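In case you want the letters, here they are:
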Amino acid sequence: GEGPVASAAMTAPHGGMLVELGNRVAHVEFVLDTTRGILTAYVLDATARHPLRLTQGRLDLTMFDLVEGNPEVVTVLAGKANPRTEETYDNTSVFIGFVPQLAGRGQFRASLQRVEIAGQVFTDVPVSYPATART
C-alpha cells in the first residue's frame, strides 16, 4: 500500500524507509542490512532531517510472519551509544538489533510497540518494510 504522501516526499537520510509518528511529530527511519540481518532504527524530528534522542533505551518491534509457524516474534532494538555525539544507550537516536531471520530477506511487517517523544506516547505503530530493487 501507499504510505502518507507527506512522508513519501521526505528523504530518508540513511537511505532507509521512513515511518511517521503522529501528525509529523517525528519519524523513525528503518534501515535493513540484509547481508548480516541487522536492523537499525534512526529516530528523526518532524522534518526527518535531524536526529531526535529518546531516553527509553530500546525499541520493541512485534515482527509478523518472521518465523514459520510463529505469527508474532518480538525483536528488541537496543539503544546505541556513540561517544562522538555523546549519546548513551538510554539517551540516543539510534537503535540497533540483530534479526537473523531477515538475512537475505528484503522485507518485513512489524508493529512498533511503544515510542515516547516529548511526553507524547505512540503505541502499535505499523511498519511495512518494502523489498528494495537494488541488490
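Structure: above.
Calculation criteria
Residues numbered from 1 in each chain as written. Predicted model: local features only at pLDDT ≥ 70, side-chain atom pairs only at ≥ 80, totals over all residues. Heavy atoms only, no water. Buried < 20%, exposed > 50% of the residue type's maximum accessible area, 1.4 Å probe, protein only. Helix = DSSP H or I, 4+ residues; strand = E, 2+ residues; numbered from the N terminus. Pairing = 2+ DSSP bridges. Axes fitted to C-alpha atoms, helices over the stretch in contact; angles between N-to-C directions.

Our focus in this paragraph is the pairing of strand S1 (residues 17-21). For S1, a buried count of five out of five residues is recorded, marking the element as mostly surrounded by other parts of the structure. With burial as the criterion, each face of S1 is covered, one bearing Met 17, Val 19 and Leu 21 and the other bearing Leu 18 and Glu 20. As defined by bridge partners, S1 adjoins strand S2 (residues 26-33) across five bridges and the pair is classed as antiparallel. Along S2, the bridge assignment pairs Met 17 with Phe 30. Between S1 and S2, which follow one another and run antiparallel, lie four residues, and Gly 22 among them has a positive phi close to 65°.

With that settled, the discussion passes to the pairing of strand S6 (residues 94-98). Of the strand pairs in this sheet, strand S3 (residues 38-44) and S6 are connected by five bridges, and their pairing is antiparallel. If you follow Tyr 42 over to S6, its bridge partner there is Val 94. Pairing analysis gives two bridges linking strand S5 (residues 70-79) to S6, with the strands arranged antiparallel. Its bridge partner lying in S6, Ala 78 is registered against Ile 96.

This part covers unusual backbone geometry. Phi is positive for Asp 65, close to 55°, though the residue is something other than glycine. Its identity is not glycine, yet Asp 124 carries a phi of approximately 50°, on the positive side. With respect to the element layout, Asp 124 can be found in strand S8 (residues 120-129).

Judged by pairing direction, the sheet is antiparallel, and its eight strands sit side by side in the order S1-S2-S3-S6-S5-S4-S7-S8 without closing on themselves. Single-partner strands in this sheet number two, and they are S1 and S8. Sheet twist, expressed as the average angle between the axes of neighbouring strands with direction ignored, equals 25°. Alignment of strand S4 (residues 58-67) against S5, held across eight bridges, turns out to be antiparallel. Following the sheet pairing, Leu 59 is matched in S5 by Leu 77.

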